[in-house]
Amino acid sequence: MFRKIKKIAVLTCIALGSSAYCADDAAKIFNPDPKGDDVILPMPCNRIMAFRKVYTSNDPKKIKDKNYNAGSAQNKSPMSQNPNLRYVQGSFHDSHGYFFLIAKYELMAGQYDALVNSDKCDSLKLNKLSRLPAVKISYFDAMNAAHAYSLFLQQSKDSFKSENNTVAYARLASDDEWEFAARGGNAVTQSQFEANLPPMENDDLSLYAWFDGPMSANGKLQLAGLKKPNPLGIHDMLGNAQEMTLEPFKAVRTGRLLGLSGGICVRGGSYLTPKDSLSSSARTEKPLYINGGDVVANDTSTRFVLSVPVAQNTDEVKKLNSDVESLGDHDDSEDNNVLVSAKQRIEKYEAENRKAQENFKKETDALKEQNSSLNELNSNLEKKSEKLQKLNDSLLSLNDKLNHSNSELLVELKDLKDKITTANAQAESMKEVAVAANLRLGGFLCKTVNDGANTLNYYQNLLKVVKKQCESSKDRCKNLDSVNSNIALNEASLKELLTYYGDTMANARMNYSMGVFKSQLKNAKEAFGSNSRYDTYVDTYYRHLDGYKKLSKDSSKNHKLWTDECSKVGKGQK
């Protein structure tokens, strides 16, 4: 009978006590939205866990980690969400660069049961409720579950391994890894990464997250994976169950984290969180203990990450030590290796010159002492004169060598300083050209936004006319679909153009100060020649650039502001 069932259902079924379930059923429960690049690993009791690769750096050196701006200037809790600089690097490496593996879904109840009751597989039920996030677990329960999974992976032939063949272990996601993945990592543009929320279809958060309210979670925990994933293919990072991270909570001070470790750092919000409070930067602190026991909550779970030791063998320890020491050979903030090398050579020659002067002084003092001693001797005057002559000749020879050495050093120092001056002038000129080009591009894009808005407005007005004609006669409805199609195409084109307009500002503000843009504003306008109609568009882009860091994190509001102001310029030129 077993063979008959297997033949009809085409499933690999495993009998557990009085119940039976199939491996394909487990896959549907624990990876309801399968993708071709998912990393699937086995679990106890014939269950699985799906992971996603999050790439951090494509530099061949592990020491070159990824830095990013965490937090947000627009928040209700500065001590937990103010902007601060973070660094992240993946444990694993492939042809695309370094990456870490983060669970595609929150830890599910069926997965947690298998980890803590792996010796009772025959009594564990597998059903729809197995897909709920594992809540009402403490931080220590989560750590113990990760430990149990790590021991299982160490013994599994299907475990994930690093390039050095080290078997990966499971742990909770770090605070830095969690926010980098929640924002979309390297899969989004700079301006999209820095927004309050990752890019979403129609900017509709309800398609991606469960939050408080009758139109969403309605006060109930939901099954994992029902909503759309973020740009990295990860589900439920915002809402449903909030997630405990690996390290203790740290408050934010100016630009960095405070050196004080506290309770549990919890991320992402839950089904009890208001919609307006969900963001990639939201962080809260929970105590480890309350009323003499571990803290647990109905809306709190966690998410696993796979990792390996930073250095996995003696050779890698040597390599990392070498890479760390090499960082001291130059300033990472300097891009011009010629200037760095020149600076080092100047410092070297100045040190050699100081040493030569010290030696000269020592030799002079020694010769003076010997000369004084000879003057006090009552020996033969001829011998004394001969010795004095030799000492004086030595002193003159040493002085000549020092003068010659100083002359050569001064010539080389002047040559190096001239090269530095030239390189600095070239760098300043290139910066001015790049800034002026950015201002011209911004003005051109602002005019293009105005043109796109005018085209869209034309079709919207045309739609009103066609609808009235259609109401009077059905024979006159034939153009309705064509007009609607043109409106949809122009709306999509305008949105894509505004995203590029925002990215242009984000990249510009990240690389240059507003003082440089102000100094090149006139040059940017003159570059258009007699076509002075671009001047006002350039001025408008400059104002948008100046106010970029004060903009709303809601991209749709920013798009409307830019469209209205660029269109206002166009109307003023008619």
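No experiment lies behind these values; they were computed from the predicted model shown.

(A) Representation of a nonpolar patch on the surface within the structure. Together, Leu441, Phe444 and Tyr500 give the surface a local cluster of nonpolar side chains, amounting to about 280 Å² of exposed area. With respect to the secondary-structure elements, Phe444 resides in helix H10 (residues 381–472).

(B) How the structure looks around the sheet that holds strand S12 (residues 283–286). With mixed pairing, the four strands of this open sheet are ordered in space as S12-S11-S10-S15. Either end of the sheet is taken by a strand with one partner, and the two such strands are S12 and strand S15 (300–302). The sheet shows a mean angle of 45° between the axes of neighbouring strands, taken without regard to direction. Strand direction decides the pairing type here: strand S10 (residues 242–248) and S15, joined by three bridges, are parallel. Paired with Glu243 across the strands is Ser301, a residue of S15.

(C) Expanded view of the environment of Glu194. Among the structural elements, Glu194 can be located in helix H7 (residues 190–194). The exposure class of Glu194 is partly exposed, given its relative accessible area of 22%. In this structure, the C-alpha to C-alpha distance between Glu194 and Asn69, residues 125 residues apart in sequence, is 7.3 Å. Setting aside residues up to four positions removed in sequence, Glu194 forms contacts with Asn69, Arg183, Tyr548 and Lys553.

(D) Expanded view of the pairing of strand S4 (residues 47–57). Across the 11 residues that make up S4, a large majority, nine, are buried. One ladder, built from five bridges, connects strand S3 (residues 39–43) with S4; its direction is antiparallel. Bridge assignment links Val39 to a residue of S4, and that residue is Phe51. Turn length for the S3-S4 hairpin, with the two strands adjacent in sequence and antiparallel, is three residues, and the turn residue Cys45 shows positive phi of about 65°. Here S4 runs beside strand S8 (residues 97–103); their pairing, made up of six bridges, is antiparallel. Bridging from a neighbouring strand, Phe51 pairs with Ala103 of S8.

(E) Just helix H14 (residues 555–573), in detail. If you check H14, its first and last C-alpha atoms are 28 Å apart, about what 19 residues at 1.5 Å a residue would give, namely 27 Å. What H14 keeps buried is the set Asn558, His559, Trp562, Thr563, Cys566, Ser567, Val569 and Gly570. The arc that holds every buried residue of H14, seen down its axis, measures 150°, which confines them to one face. Of the exposed residues in H14, the ones pointing more than 90 degrees away from its buried face are Lys557, Lys560, Lys568, Lys571 and Gly572.

(F) The packing of aromatic side chains, seen in detail. Considering all chains together, one arrives at 16 aromatic pairs under this definition. Centre to centre, the rings of Tyr501 and Tyr541 are 5.7 Å apart; their planes meet at 65°, and the pair counts as edge-to-face. With a gap of 40 residues between them, Tyr501 in helix H11 (residues 480–511) and Tyr541 in helix H13 (residues 535–546) connect regions that are remote in the sequence. Accessibility classification places Tyr501 together with Tyr541 in one group, the buried group. Geometry around Phe99 places Lys53 over its ring, the cationic atom sitting 4.7 Å from the centre.

(G) Structural view of the state of the cysteines. As enumerated under the stated definition, the model contains three disulfides in all. What pairs with Cys45 in a disulfide is Cys121, and their sulfur atoms sit 1.9 Å apart. Looking along the S-S bond of the Cys45-Cys121 disulfide, the torsion reads about -75°, which is the left-handed sense. Pair noted here: Cys45 is in the loop between S3 and S4 and Cys121 is in the loop between helix H4 (109–116) and helix H5 (139–155), with a separation of 76 residues, a long-range link. Residue Cys45 shares its accessibility class with Cys121, and that shared class is buried. The side chain of Cys470 participates in a disulfide bridge whose partner is Cys477; the two sulfur atoms lie 1.6 Å from each other. On the sign convention where negative is left-handed, the bridge of Cys470 and Cys477, at about 90° about the S-S bond, is right-handed.

(H) The pattern of salt bridges, seen in detail. Under the definition given, this model contains 21 salt bridges. As a salt-bridge pair, Arg86 and Asp176 come within 2.5 Å of each other at their nearest N and O atoms. Taken as a pair, Arg86 in strand S6 (residues 84–88) and Asp176 in helix H6 (residues 175–183) lie far apart in primary sequence, 90 residues in all. Of the two residues, Arg86 and Asp176, neither departs from the other in class, the shared state being buried. The closest approach of N and O atoms between Glu179 and Arg267, which form a salt bridge, is 2.8 Å.

(I) The arrangement of unusual backbone geometry in detail. Here Cys45, not a glycine, exhibits a phi torsion of approximately 65°, which is positive. Within the chain, Asn291 stands out as a residue other than glycine whose phi angle is a positive 50°. Locating Asn291 in the fold gives a position in the loop between strand S13 (289–290) and strand S14 (293–294). For Asn291, a relative accessible area of 80% puts it in the exposed group.

(J) How the structure looks around the nonpolar core. Leu439, Tyr501, Met505, Phe517, Tyr541 and Leu545 are the most contacted members of the largest nonpolar core, which has 33 residues in total. Looking at this core, the elements that each hand over two or more residues are H10, H11, helix H12 (514–526), H13 and H14. Excluding anything up to four places from it in sequence, Tyr541 contacts Asn438, Leu439, Gly442, Gly443, Tyr501, Thr504, Met505 and Ala508. Residues Leu41, Phe99, Leu101 and Met244 belong to the second largest nonpolar core, which totals 30 residues.

Procedures and definitions
- Residues numbered from 1 in each chain as written.
- Predicted model: local features only at pLDDT ≥ 70, side-chain atom pairs only at ≥ 80, totals over all residues.
- Heavy atoms only, no water.
- Patch = residues over 30% accessible without salt bridge, like charges linked within 9 Å, V, L, I, M, F, W, Y side chains within 5 Å.
- Areas by Shrake-Rupley, 256 points an atom, 1.4 Å probe, with all protein chains shown as cover.
- Salt bridge = Lys/Arg side-chain N within 4 Å of Asp/Glu carboxyl O.
- Helix = DSSP H or I, 4+ residues; strand = E, 2+ residues; numbered from the N terminus.
- Pairing = 2+ DSSP bridges.
- Axes fitted to C-alpha atoms, helices over the stretch in contact; angles between N-to-C directions.
- Buried < 20%, exposed > 50% of the residue type's maximum accessible area, 1.4 Å probe, protein only.
- Contact = heavy atoms within 4.5 Å.
- Expected span 1.5 Å × (residues − 1).
- Arc of directions from axis to C-beta.
- Phe/Tyr/Trp six-rings, centres within 6.5 Å; stacked < 30°, edge-to-face > 60°.
- Lys NZ or Arg CZ within 6 Å of the ring centre and 35° of its normal.
- Disulfide = S-S within 2.5 Å.
- Core = buried A, V, L, I, M, F, W, Y, C linked by side-chain atoms within 4.5 Å.

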